[in-house]
Amino acid sequence: MAQNYWILKSEPSVFSIEDLASRPDQTEGWDGVRNYQARNYLKDGMNKGDAILYYHSSIKEPAIVGLCSVVREAYPDTSAWNPDSAYHDPKSIPEKPIWFQVDIQLKEIFTYPVYLRDLKKNPLFQDMILLKRGNRLSVLPASATHFHAILKMAGIKNKR
DNA sequence: GCCAACGTTGGC
DNA sequence: GCCAACGTTGGC
């Protein structure tokens, strides 16, 4: 099965890539996705081993800041049926979960983040979904071309 | 802090 | 099932 490439967005004030780095095994369940399209990407698109670009949003200099991978495929997001959770959604119940999460593991924090500003300057990324006006999805697919170009910009040697 | 874009909700 | 109102996202 071909490897897929994804972009996950997070506000660093909520959960940053440094937070991920501090987790046991540098692994965390990616819960709280409450958008159907994003959920479908998570649930139906993501396979174990897929590569993830980690994006910091809603800050002065939005940027792709690191590389992760999917270490566990979709399973029910239990925060949905926890009334104390900010992600509580009474429509989702254990017998019939609506929302799902995957587990991701940090591979690398970029020494040189790839800034949104720089992606916009480069014609190669013209049609990238991340740059589309009005795009608000927190889970996005990325093309192999864009993925590899971004790693190159980050100074990461192609490996694996 | 502003505002455009978009998704969701709810009245009809 | 339409659509206005509202809430949220996220770049600037």
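A brief report on the enclosed structure follows. Because the structure is a prediction, the values reported are computed rather than measured. (Residues numbered from 1 in each chain as written. Chains lettered and ligands numbered in written order. Predicted model: local features only at pLDDT ≥ 70, side-chain atom pairs only at ≥ 80, totals over all residues. Heavy atoms only, no water.)

**Some thoughts on helix α4 (residues 144–153)**
Definition in use: Burial status follows relative accessibility: with a 1.4 Å probe on protein chains alone, a residue under 20% of its type maximum counts as buried, one over 50% as exposed, and anything between as partly exposed. Note on conventions: DSSP H or I runs of at least 4 residues are helices, E runs of at least 2 residues are strands, and numbering of each starts at the N terminus. Contact criterion: two residues are considered in contact whenever any of their non-hydrogen atoms come within 4.5 Å of each other.
Among the residues making up α4, those that are buried are H146, F147, A149, I150 and L151. Tucked into the core, α4 has its buried residues touching β1 (5–10), β3 (51–56), β4 (63–76), β5 (100–115) and α3 (116–121). Remark: G155 follows α4 within two positions and exhibits a positive phi of approximately 80°.

**Digging into the nonpolar core**
Filter applied, for reference: Put simply, buried Ala, Val, Leu, Ile, Met, Phe, Trp, Tyr and Cys residues joined by side-chain atoms within 4.5 Å make one nonpolar core.
Counting residues in hydrophobic clusters, the biggest one holds 44 residues, and the most contacted among them are L53, Y54, I64, I104, F110, L130 and I150. No other element matches the 6 residues that β4 contributes to this core. Once you skip the residues sitting within four places of it in the chain, I104 turns out to touch L8, L20, Q26, T27, E28, W30, I52, Y54, C68, S69 and V71.

**Concerning the protein's contact with DNA strand C**
The cut-off we apply is this: To be near a molecule or strand, a residue needs just one of its heavy atoms within 4 Å of it. Distance and chemistry together define a polar contact, namely a pair of N or O atoms within 3.5 Å, with one atom able to donate a hydrogen and the other to accept it when in protein, and with adjacent residues in sequence counting only for side-chain atoms on both sides.
Within the structure, DNA strand C sits among K9, Y55, S57, S58, P62, L116, K120, N135 and R136. Counting only the atoms of DNA strand C that lie within 4 Å of the protein, the sugar and phosphate share comes to 77%. Between a phosphate oxygen of DNA strand C and a side-chain N or O atom of K9, the distance comes to 2.9 Å. Y55 is positioned such that a nitrogen or oxygen atom in its side chain is 2.5 Å from a phosphate oxygen of DNA strand C.

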